[in-house]
Structure formats: C-alpha cells, structure tokens
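# Secondary and tertiary structure notes
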Amino acid sequence: MTPDFTAFLGPAAAGGENILSVLISLVWLSMFMIFFLYPSFGQRMQLSYMLRDLERKLNKLKMIKDEIRQTTIDTIKKVGKPDFDPAPEVDRLSEFFVIPPESMDPYGVVYKLEHILETGETSYENEVRRLSPHAEEHQVKTLTNLVEISRGINTLYRIVRHYYLLGKKTSNIYLVLQIQMIMPQLVEIAEAYKMASVAFSQGQPIGDSVGVLVAAKLSDGVEKRRYNIAKDTMVQELEIENKRVYVVRAVGPGGTVGRPGEGVKQLVESLPENPKLIITVDAGLKLEGEESGKIVEGVGVAIGGPGIDKYKIEELARQRNIPLYAFVIFESIQEAITPMKESIAKAADVVLQKLRNVLKEKVEDGGIVVVAGIGNTVGVG
Amino acid sequence: MSSDSGGGFMSWTPRPRERLSQTITFLKCMDCSAENSRPFIEWDYIFKVVEGEKCPKCGGTRSKIVNIYVPEKKESK
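We now turn to the structure provided with this report. Every chain is numbered independently, its residues counted from 1 as its sequence is written. All chains are assigned letters beginning at A, and all ligands numbers beginning at 1, according to the order in which they are written. Totals for whole chains, interfaces and linings use every residue, but because this is a predicted model, local features are given only for residues with pLDDT of at least 70 and side-chain atom pairs only at 80 or more, for both listing and counting. Side-chain descriptors were evaluated using all non-hydrogen atoms of the structure, hydrogens and water having been removed beforehand.

Moving on, we come to the overall build of chain A. The helix and strand labels rest on DSSP assignments: H or I over at least four residues marks a helix, E over at least two residues marks a strand, and numbering proceeds from the N terminus. Scanning chain A for helices and strands turns up 13 helices and seven strands. In this treatment the radius of gyration is a C-alpha quantity, and the globule benchmark scales as 2.2 Å times the residue count to the 0.38 power. Scaling as 2.2 N^0.38, a compact globule of 381 residues should have a C-alpha radius of gyration of about 21 Å, whereas chain A reaches 30 Å, well beyond that. It only takes one pair of heavy atoms within 4.5 Å for two residues to be counted as in contact. Contacts in chain A between residues at least 24 apart in sequence constitute 76% of all its contacts with a sequence separation of at least 6. For the purpose of charge, His is not counted, nor are the chain termini; Lys and Arg are scored as positive and Asp and Glu as negative. Charge coordinates come from a single atom per side chain, which is NZ of Lys, CZ of Arg, CG of Asp or CD of Glu. Distance between charge centroids for chain A: 1 Å, based on 45 positive and 49 negative side chains.

Take a look at the structure:
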C-alpha cells in the first residue's frame, strides 16, 4: 500500500489545512505564549549560556592556578631541598593576606601602609627561607616572588569563582555579565602569571627589570664604590663626564624591588650638597597600539606600586627643591611580568644613551645626580 | 575572544597561540671581547661572570653575561 503524503507536503493538493502546518502553528503559538506569560524566559536562557561560558573560563583559571602551584612546589623542592613536603606550606602561603591600613583619617597613611607591607614582605620572605634551607639568598628572594605569583593567581581564581557562584545562586544576570565581560582580560593576566612563574622558577630577567638594567649598565665598569642604603637597596657611586652620579637600585640578581624611595631619601640626606637632578628610570604600561620598548621622558617620579617610594622622593624633592626627571620604557602588563623581550632589552641601551645626554646637558661639571633604576631586579646582577 | 554573551560558536575563534621562544643568554669574552650567545641556563643573570665556557673565537674560559632576552621574530615587509 502506498502512503498518501500529499496532505503533509502540499496544502493546495490536499485542499487547505494539513497536519504539518497545524503543528508549526502550535509550536509558534506555544513559543509566543511562553515569552508572553514568562517574560524573563529569554533572560534565563541567556543567563544559562553566560554561566556555561564563565564556567569554562573558570576551569581554565583553575588549570593555570594548579599548574603554577605545581611549578612553585617543584622549584622549592629542586632549589631549596627541604627535608619535608612543601606543598601544604605553599598552600598556606597562597592564602596569606595583608590588610591595608584604615584611611578614614588619611594622616600618616603612607607610613602605616609602608609598615604593614614591610612586615608582610619580611614574614613572607622568612617563611620561604624556612621552606628552602639550601637556597642561596638571591634564590630565596626569587622563590618568594614565585610564591607570591601563586598567591596572586589563587586570589584571582577565588574572586572569579565567588562571582560565578553568587551570580548562579541569585540568578543575577547583571552580576554574571560584569564578570563575564572582563573574563578575557583576566584569562590573559592568568596566562601571564603562568609565564611569570616559569621566569621566576629559573631566575630569568622580566620586562619590569628594565629600569634596574639601565642603572646596572650605567655603572658597569665605572663603579667606584657600592654600599647598602636600605633593605635590598644599594648605592653605586660613579663619575661620568665630570659629574658625580649616585645610582640607587635594588640588589640583584634575586627578585626584589628594594626600597628605592627610602634609598634615595637616605642618600640625599647624607650628601654634603643637594643633587642637581633626580632621575628615575622605570617600565611603564603602554596603551594598546603602542610599541613595546618605546621610550618616553618627562618630569616627575617614575615609580609604580603602592606609592610609598614615589611619595618619599616627591616629598624630598619638594623640600629641597630638586628637579625630577624620568624615563619610562613602555610595555604591556603581560610583558612586565614575563621573560624580557628583545625590544625591551634593546630599549635599555637607548635609554642609557639618552641618560648620558641628559647628564651632559642638564648638569654642570662637578654636580651631583641621583639615578634610580626602578623595578624587579630578578636576573640582573 | 568571545564577544557575544553566550559564548556562541558563531563569534568565537581560537586565538593563534603565541609560542614562547627560547630565552637567549649573550656573553662577552673577558679576554677578546667577542660576543656569543647560547640558550639560557637556569639562574643565569646579567653581569654574572661565567667560568669554564670556552670562547669560540679565542678559546678563553672567562666570560661575562651582558644580556638575557627572548628574541622576537622580525616582521617581513
């Protein structure tokens, strides 16, 4: 028997209505009714898509976090050779926190912040030193940075997970939307953390080291004397074209930024006369579309971070009326914490030449100049 | 990068992965000042004096690390 499909296939052939068109109409009607009676249905569907996307990226963050944790543990085992398993201690340090000071009364907040950060840094460093009994001092500094990366990615993961779960629990599309919008940037930062962990596990110079590299190259071969002036910070005395140059920089090759603010302050206060110029050299964040390794110069103090060092030099310069000059080498946030790229390393030589020109043009013979190389000195001796 | 709110397949394309090039250490022979390079070895640092690595030019065994960086590929014009 041959089935008759004409009713399904051709309304005209069947003479008007057929089952297929009725079914389609019913589907349309039911969809219409759903959206009419349940107006937030579309939003619900969108929320579920967004949550799924967020979950996928959150898993990626978790993978990166676990990878960095493993790199940290392996490096501590390899370099520090502890006679116990450092994993639980690394996990404990990943949850370490620093509570910023109360700023309701802003008077003295800079020094309160300095005290808290110093306390945190010292205790963190001591914990890492205890975990790595066989590591050399500069390796302890670099391992401390590595554990800090582990802490950073752990915090990032926890915060993203918090907003994901909160958005899911409350079905708050606006909350989920905000975290989902910034997720690509957060994943990029997490990837940069991963590359940074590789750099710190081997003691490689990173993009942020460029300021210190310029200072180190300036004093290479012409250093007359060197001494420590503040924690992890040293002064190198030189003479360049009849100018007395004092280079302030973090002590390498371990991963530390030192205390350039305190170093410059102590140094200037100990000098017989005021310097004619304070020059800071640092890496700075470029804008999208700008070239990495581009050099710009201007006035002011080129120091990032929490602002303590910048504040100290600015305050000192204002009190003594010392002009401030600055060189900044542009790079992205990813480049700042990952192994140093060729364009950034080569920019250091160009800055060096520009720095010499500034010394020649702006300072008369016999004058004193302070040059502060700012940044993490990992991989720069 | 996903630009739609649902992370749909229409808009998402995998970003080409940036391959991490190998870090290179540049050394300067302390006898003949010739510069040479080799792959980065863990805990190398700039201005480290390396003993026991022969200079390919003069055979000197003392050299100083003068730079460490990741070479970038030159864009063809």
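So, about the sheet that holds strand β7 (residues 368-373) of chain A. All names here are of chain A. Strand order in the open sheet formed by seven strands is β1-β2-β3-β7-β4-β6-β5, and the pairing between neighbours is mixed. The sheet is open, and its two edges are formed by β1 (223-230) and β5 (295-299), each paired on a single side. Strand-to-strand twist in this sheet, taken as the mean axis angle between neighbours without regard to direction, amounts to 20 degrees. When DSSP finds at least two bridges between two strands, those strands are taken to pair. Both strand β4 (residues 277-285) and strand β6 (residues 324-331) contribute to a ladder of eight bridges, which runs parallel. By the bridge assignment for β6, L285 is matched with E331. A fitted line through C-alpha atoms serves as each axis, taken over the contacting stretch for helices, and the angle formed by two N-to-C directions is quoted from 0 to 180°. Here helix α9 (residues 210-219) sits on the sheet in contact with β1, β2 (233-240), β3 (243-250), β4, β6 and β7, set at roughly 140 degrees to β3.

Between the first and last C-alpha of helix α7 (residues 137-170) of chain A there are 49 Å, a value that for 34 residues agrees with the 50 Å anticipated at 1.5 Å per step. Note on α7 of chain A: the residue one or two positions beyond its end, S171 of chain A, has a positive phi of about 50 degrees. How far a helix is expected to stretch is found by multiplying one less than its residue total by 1.5 Å.

So, on to the interface of chain B and chain A. With 27 residues of chain B in contact, the opposing surface of chain A contributes 37 residues. Take the accessible area each of two parts loses on contact, using a 1.4 Å probe, and add the two losses: that sum is the buried area. In total, chain B and chain A occlude about 2,600 Å² of area from one another, counting both sides; carbon and sulfur atoms represent 55% of this. Within this document, salt bridges are pairs made up of a side-chain nitrogen of Lys or Arg and a carboxyl oxygen of Asp or Glu, the two lying within 4 Å of each other. Summed over the shared surface of chain B and chain A, the result is two salt bridges. For D220 of chain A, the salt bridge goes to K64 of chain B, with nearest N and O atoms at 2.9 Å.

Residues and elements named next belong to chain B. We call a pair of cysteine sulfur atoms a disulfide whenever their separation is within 2.5 Å. For the coordinates displayed, the defined rule picks out zero disulfides over all chains. You can see C32 has no disulfide; the closest cysteine sulfur is in C58, sitting 3.5 Å from it. Categorising residues by exposure relies on relative accessible area from a 1.4 Å probe, with only protein chains included: less than 20% of the type maximum marks a residue as buried, more than 50% marks it as exposed, and the intermediate range marks it as partly exposed. Take C58: its relative accessible area is 39%, and that puts it in the partly exposed class.

Here we take up the environment of H134 of chain A. Residues and elements named next belong to chain A. With respect to the helices and strands, H134 occurs in the loop between α6 (109-131) and α7. For the pair H134 and I149, spaced 15 residues apart in sequence, the C-alpha to C-alpha distance is 21 Å. Beyond its immediate chain neighbours, meaning those up to four positions away, H134 contacts V79, G80 and K81.

Residue and element names in this part refer to chain A. Most of β4 sits out of view: eight of its nine residues are buried. Taken together, the five bridges between β4 and β7 define a ladder with parallel strand orientation. Considered in β7, the bridge of I279 is made with V371.

All names here are of chain A. Tracing the backbone shows V328 in strand β6. In this structure, the C-alpha to C-alpha distance between V328 and I295, residues 33 residues apart in sequence, is 5.8 Å. Every residue in contact with V328, bar those within four places of it in the chain, is listed here: D282, A283, G284, K294, I295, V296 and A302.

Residues and elements named next belong to chain A. A pair of aromatic rings is counted whenever rings of Phe, Tyr or Trp (Trp by its six-membered ring) have centres within 6.5 Å, and the orientation is called stacked for planes under 30 degrees apart, edge-to-face for over 60 and tilted otherwise. Within this structure, the stated rule accounts for seven aromatic pairs over all chains. Both rings, one in F32 and one in F36, keep their centres 6.0 Å apart while their planes meet at 15 degrees; by these two values the pair is stacked. Of this pair, F32 and F36 both sit in helix α3 (residues 19-37), four residues apart, which is roughly one turn of that helix. Taken individually, F32 and F36 each receive the classification exposed, so the pair is uniform in this respect. The interplanar angle of 50 degrees and the centroid separation of 6.0 Å between the aromatic rings of Y38 and F41 together place this pair among those described as tilted. Under the relative-accessibility criterion, F41 is labelled partly exposed at 24%. Feature note: the residues F35, Y38 and F41 constitute an aromatic cluster, connected by ring pairs. If you follow R151 out to its NZ or CZ, it ends over the ring of Y124, 4.8 Å from the centre. When the NZ atom of lysine or the CZ atom of arginine is within 6 Å of a ring's centre and also within 35 degrees of its normal, the charge is said to sit over that ring.

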